[in-house]
Amino acid sequence: MIAWLEGTLRERSPTRVVLDVNGVGYDLHIPLSTFAALPDAGKTIALYVHTHAREGALLLFGFATAAERTAFELLLRASRVGPKLAQTVLSGISPERLLEAIRNADAAPLRAVPGVGAKMADRILMELRDRVEEFSAAIGGGTPVVAAQPASDARQQALSALINLGYSTPHAERILVDVEHEIGIEASIEAYIRAALQRLAR
């Protein structure tokens, strides 16, 4: 099982990166929170990794911090929550906010995530409430990777990322219009993602 990778960032998009480790390219799925912390391609980064086996294939999920990976693996313990949905949840809810929601039985943040209805949100809270202390003790670690430089077509890339994660086009566009008014049209995609995440977490 792969738990950690350090290498050269060869490709990056809001939900996926390719990492060159000693000449071997690793394809990793990432949440938006990790993307917002990535440097430019060509830089060296290190990611915490969850290895997910599915139908004979291995899927790798990368995270900027150990707390994100812990939250991801916690979500997978809830019934009917697969890695894609867990990735989407962590794109809109920080590990600390998820812990708070579970501890307080607050379903509102989860219900705001695409693909998580009221019943699933309630089930996640119920099934994970006994793991609150374990989760709380585990989310303190992890050093984020270095922040990125501006990228072109930032708003369009951010819109594509939100749509790919399951947010409706009108909803994503409304969020990004507000973000653009706040941070300016020349902002980087990382700035768009960070500002969008703040709104999605409200």
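Some thoughts on the packing of helix 9 (residues 169–183) against helix 10 (residues 189–200)
Two quantities define a packed helix pair, namely the angle between the helix axes and the distance between the axes. With their axes 9 Å apart at the nearest point, helix 9 and helix 10 run at an angle of 115° to one another. Both helix 9 and helix 10 take part in a crossing whose hand is right-handed. Residue-level contacts link His171, Ile175, Leu176, Asp178, Val179, Glu180, Glu182 and Ile183 of helix 9 to Ala191, Tyr192, Ala195, Ala196, Arg199 and Leu200 of helix 10. By residue class, the composition of the contact of helix 9 with helix 10 is nine nonpolar, one polar and four charged.

A short note on helix 8 (residues 154–164)
Inspection of helix 8 places Ala154, Ala158, Leu159, Ala161 and Leu162 among the buried residues, and these make up the whole buried set. Burial along helix 8 is one-sided: seen end-on, the buried residues are contained in an arc of 160°. Among the structural elements, helix 1 (32–35), helix 9 and helix 10 are those in contact with the buried residues of helix 8. In the stretch just after helix 8, Gly166 is the one whose phi turns positive, near 110°.

The rules behind these values
- Residues numbered from 1 in each chain as written.
- Predicted model: local features only at pLDDT ≥ 70, side-chain atom pairs only at ≥ 80, totals over all residues.
- Heavy atoms only, no water.
- Axes fitted to C-alpha atoms, helices over the stretch in contact; angles between N-to-C directions.
- Helix = DSSP H or I, 4+ residues; strand = E, 2+ residues; numbered from the N terminus.
- Left-handed = near helix turned anticlockwise from the far one by under 90°.
- Contact = heavy atoms within 4.5 Å.
- Nonpolar A, V, L, I, M, F, W, Y, C, P; charged D, E, K, R; others polar.
- Buried < 20%, exposed > 50% of the residue type's maximum accessible area, 1.4 Å probe, protein only.
- Arc of directions from axis to C-beta.

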